Amino acid sequence: MNILVSYNWLKEYLQTNLSAEDFAAKTTNAGNSVEYIENMAHRFDNMVVGEITNIKDHPNADRLKIAEVKIGTMKKVEIVCGGVNLRVDMKVAVALPGSKVIWHGEGEPVELHETEVRGVKSYGMICAAAELGFPKYPQGEKDIWDLTNVTTEKAGVPLYNALGMDDAVFDIEVTSNRPDAASIIGQAREGSACTGDKFLWQAKDVMPDGIARAKVEVAVRETELCPKYEAVLLDNVKVGPSPWWLQKRLLLSGHRPINNIVDVTNYVLHEYGQPLHAFDADKLDHGIVVRKAEKGEKFLALDGNEYDLSKDMLVVADHAKPIAIAGVMGGEETGTTVETTRVILEAATFNPVSVRRTARALNLHSDSSAQFERGLSTQSTRPALARAVELIKEIADAQVASEVTSVQAEPYQREAFPFDPKEAKALMGVALSDHEMISILERLGFEVKEAGSNYEVKVPYWRDHDIENKVDLVEEIARVYGYEKIPSILPAGEIDPEHQDQTIVWERRVKELLRGSGLSETYAMSFISGKELSNAGYDPEMSVKLQNPLASDLEYMRPCLIPTMLTTIEKNQRMFPEAQLFELAPIYLPNKEDIPNHKMQLLMAIYEKDGACAFTKAKGILERLMREAGVRQYRFERPESSDSSPLPRGRSGGGLECLLHPTRSANVWVGNHEHVGRIGEVDKQVLNAFGIEQSVILIDLDFDALVPHLSLAKTYTPIPLYPEVKRDLAFVLDRTVEFSQIEAKLKEASGLLREVELFDTYCGSGVEAGKKSLAVHLTFRLADRTLEADEVDEEIAKLRNVLQEQFSATMRS
């Protein structure tokens, strides 16, 4: 998170003479990174205050006017302008030729030149606030910026002087553990620590004007979610626009001025880092109750939208209705308007987890919720409340009509840690004096007291969420002292050998093997829609459902890679009619007792018009992967009718039984008897559900189960000393007989047979229906001598008998 900081505003709390650049360098070196500095005066180069002395119609455009503008004591110019609020004697911002403006408040700044507009010369431009870089300034869409009540300077005065813009604005990155640094006072305190300059802030309290005439009734029912709640009543409030000095600071900080009451709450949020809210007291039904939302409650927020509240959300309510979503946003019905005369100011601390969950569930985020989510101290409310009261009294003529009502769950206790200077020096590697280390801690607001030979350090309330251990004190000293001052010394000693996770090693290796085989890797989100799951035969209710999905079609975590792969094929099939794809990624399976189970899955997909050809390619790819990955034993078996699922539930999710064709698929086994996946053709009904026109073959593997069988070890087989003998056999047999069965029986029957290679399969003309013709290469060899032809003939005869007797085959050769 970044914060915009006006240097002039910061210097109200830091007595320093450093230039903006020098200050930025010092605070950046202390870990408070300034990412950008804008010199505001440069934004208004060649711009002056102008005063309109005359207005006439444009001869060639109904919606344009020609304004005669005084831009100096003796100088007037004509400028063509489309502003609908132009009037004589109006002070305006005039951008002269050579200046840069943001055209209509959009895009990058462009340089102005003297030009003609519809045939009339125009010397410069009368600007709207958005065209000068203030898109949040409250004005009409077609209005120009009326400076009459903004500045008392005369025409011709440089605009940056008239607006008080002789300032620098820092864009500072604030880490999530430092809510105190997301404020002007926090940045001033950091600046004091790293520059040594004096920090000027002093905490104040709220003092009633005379005798308190009223009391704000507050009840906190959820003290764990709201550890502290404070409120005070202000009377005789005059709601209206804020003065320019306050509007200017809000604009430079990225806030939108609304009215003086709301502006003060935003001002204090930016100055103190403590969110506040203002309620119209006359619109509340009795007192304030901090409670959880009730079932069916709705809430109209300040953004104009109505939200359905759930029972786990914390709200601030009166006795009739919610008036704010705690820590997130107030309600439109109880907001301040020009009719408001009595205001209740709220300052509270809310549980950061509760605020974050509510904001995410409603998709409603605000500057307040961002700050509460970081975690704020219960002690931060009173100083911010006092500052807001001070400002509202100044700019809205308000009176404090009550004591501050404060409800706190438990007394505040400051954290304290022991501090050993010797240990700190050893950790930093720098020999700082005790005095220098203690001085740094005290400049940061820590209270340091002697405790025997060491010290006790008490943590200031604004750091009670991020200082968790005595080591954090050493880090504070080191960063303020300057990491750049600490000498760089290479560590000595032996480096432990790197331990490589075998799953990660094989992920990389398998991806390389598949890319080398011509497959293209796909990437898909881990989230999926219920429709995709249903189309693929999965029950969405058996999948992990997200409570707060990124989109309505990304509400489940995928239990398998198949649905997203089929979606990818559908999107690419017209551009690429055939392709070979793979994805190796995690899947997520429900676990009622804990977070979802995480498994790695490997999915390969081959799609083209000819399903039989695609299946052959897929089988070849899988066989090559097994060989190259060092799998010693593997086989494919047709699933039995009672065993149509590819894997036990908990691996690939058990959805393939509805997805693959019942007779065009096979289980994949490795090792002695471990089932790791399935290969098969996707059923036509599933393809139609996804809108796929091609045949698709999938290879779905449980990668976690496969990894233990993968090996980089190589074995050496000596080259045979004696030649091999090759013969071919062709035969016809029942179509349902698998080649793996034939191969096993042939090798069992012949001790001389070394290899059986299928090289042709035919079904069609000349082959009886229900039959198929197979042709195989047979390789025979002995290790100690050359085979005789008679011996091979004898073996061939044996194999013919096996085929005829055990498979009812008819020999063709």
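**Considering the overall build of the protein**
Across its full length, the protein holds 21 helices and 43 strands. Taken against the 2.2 N^0.38 rule, which gives 28 Å for 813 residues, the C-alpha radius of gyration of the protein at 39 Å runs more than 25% over that of a compact globule. Burial statistics for the protein: of 813 residues in total, 49% are counted as buried. Considering only contacts within the protein whose residues lie at least 6 apart along the sequence, 71% involve residues at least 24 apart. Accessible surface, the protein as shown: approximately 40,600 Å² in total, 47% of it carbon and sulfur. Charge centroids of the protein, computed over 92 positive and 125 negative side chains, lie 1 Å from each other.

**A few points about the environment of Tyr 412**
Within the fold, Tyr 412 resides in the loop between β26 (405-408) and β27 (416-419). According to the relative accessible area criterion, Tyr 412 is partly exposed, its value standing at 26%. Once residues lying within four places of it in the same chain are set aside, the contact partners of Tyr 412 are Ser 377, Thr 378, Gln 379, Tyr 461 and Asp 464. A distance of 2.9 Å separates the side chain of Tyr 412 from the side chain of Asp 464, its partner in a polar contact.

**Remarks on the nonpolar core**
Across soluble globular proteins, nonpolar side chains show a tendency to be buried alongside one another. Phe 170 and Leu 345 are the most contacted members of the largest nonpolar core, which has 52 residues in total. Element by element, the count of residues in this core is highest for helix α10 (residues 381-396), at nine residues. Each of domain 1 (2-41 + 168-199) and domain 3 (218-408) contributes no fewer than three residues to this core. In this structure Phe 170 touches Ile 3, Leu 4, Val 5, Tyr 7, Ala 20, Phe 23, Ala 24, Val 34, Tyr 36 and Ile 37, once residues within four positions along its chain are discounted. Listed in part, the 38 residues of the second largest apolar core include Tyr 229, Ala 301, Ile 323 and Ala 401.

**Quick look at the packing of aromatic side chains**
The geometry of an aromatic ring pair is captured by two quantities: the separation of the ring centres and the angle between the planes. Taken as a whole and assessed by the stated rule, the structure comprises 14 aromatic pairs. An angle of 80 degrees between the planes, with centres 5.9 Å apart, marks the rings of Phe 134 and Trp 145 as edge-to-face. Separated by 11 residues along the polypeptide, Phe 134 in the loop between β12 (125-126) and α4 (159-162) and Trp 145 in the loop between β12 and α4 bring together distant segments of the chain. On the basis of relative accessible area, Phe 134 is assigned to the buried category, the value being 3%. For the ring pair Trp 201 and Tyr 272, a centre distance of 6.0 Å and an interplane angle of 75 degrees mean the geometry is edge-to-face. Here Trp 201, found in the loop between β14 (198-199) and β15 (218-220), pairs with Tyr 272, found in helix α7 (residues 260-272); they are 71 residues apart in sequence, far enough to count as distant. Residue classification places Trp 201 among the buried positions, given a relative accessible area of 12%. According to the relative accessible area criterion, Tyr 272 is buried, its value standing at 18%. Three or more aromatic residues joined by ring pairs form one cluster here, namely Phe 44, Phe 134, Tyr 137, Trp 145 and Trp 244. When the ring centre of Tyr 7 is taken as origin, the NZ or CZ atom of Lys 11, which lies over that ring, is 4.5 Å away. A cation over a ring is seen here: Arg 189 above Trp 462, with NZ or CZ 3.7 Å from the ring centre.

**Examining the confidence of the model for the protein**
Per-residue pLDDT for the protein averages 91, and the proportion of residues at 70 or more is 97%. In this model, residues 642-654 is a region of pLDDT below 50 whose contacts with residues beyond four sequence positions or in other chains number 38 contacts.

The rules behind these values
Residues numbered from 1 in each chain as written. Predicted model: local features only at pLDDT ≥ 70, side-chain atom pairs only at ≥ 80, totals over all residues. Heavy atoms only, no water. Helix = DSSP H or I, 4+ residues; strand = E, 2+ residues; numbered from the N terminus. Rg over C-alpha atoms; globule rule 2.2 N^0.38 Å. Buried < 20%, exposed > 50% of the residue type's maximum accessible area, 1.4 Å probe, protein only. Contact = heavy atoms within 4.5 Å. Areas by Shrake-Rupley, 256 points an atom, 1.4 Å probe, with all protein chains shown as cover. Lys, Arg positive; Asp, Glu negative; His and termini not counted. Charge placed at Lys NZ, Arg CZ, Asp CG, Glu CD. Polar contact = N/O pair within 3.5 Å; in protein donor to acceptor, adjacent residues only side chain to side chain. Core = buried A, V, L, I, M, F, W, Y, C linked by side-chain atoms within 4.5 Å. Domains from an automatic or database assignment. Phe/Tyr/Trp six-rings, centres within 6.5 Å; stacked < 30°, edge-to-face > 60°. Lys NZ or Arg CZ within 6 Å of the ring centre and 35° of its normal. pLDDT = per-residue confidence, 0-100.

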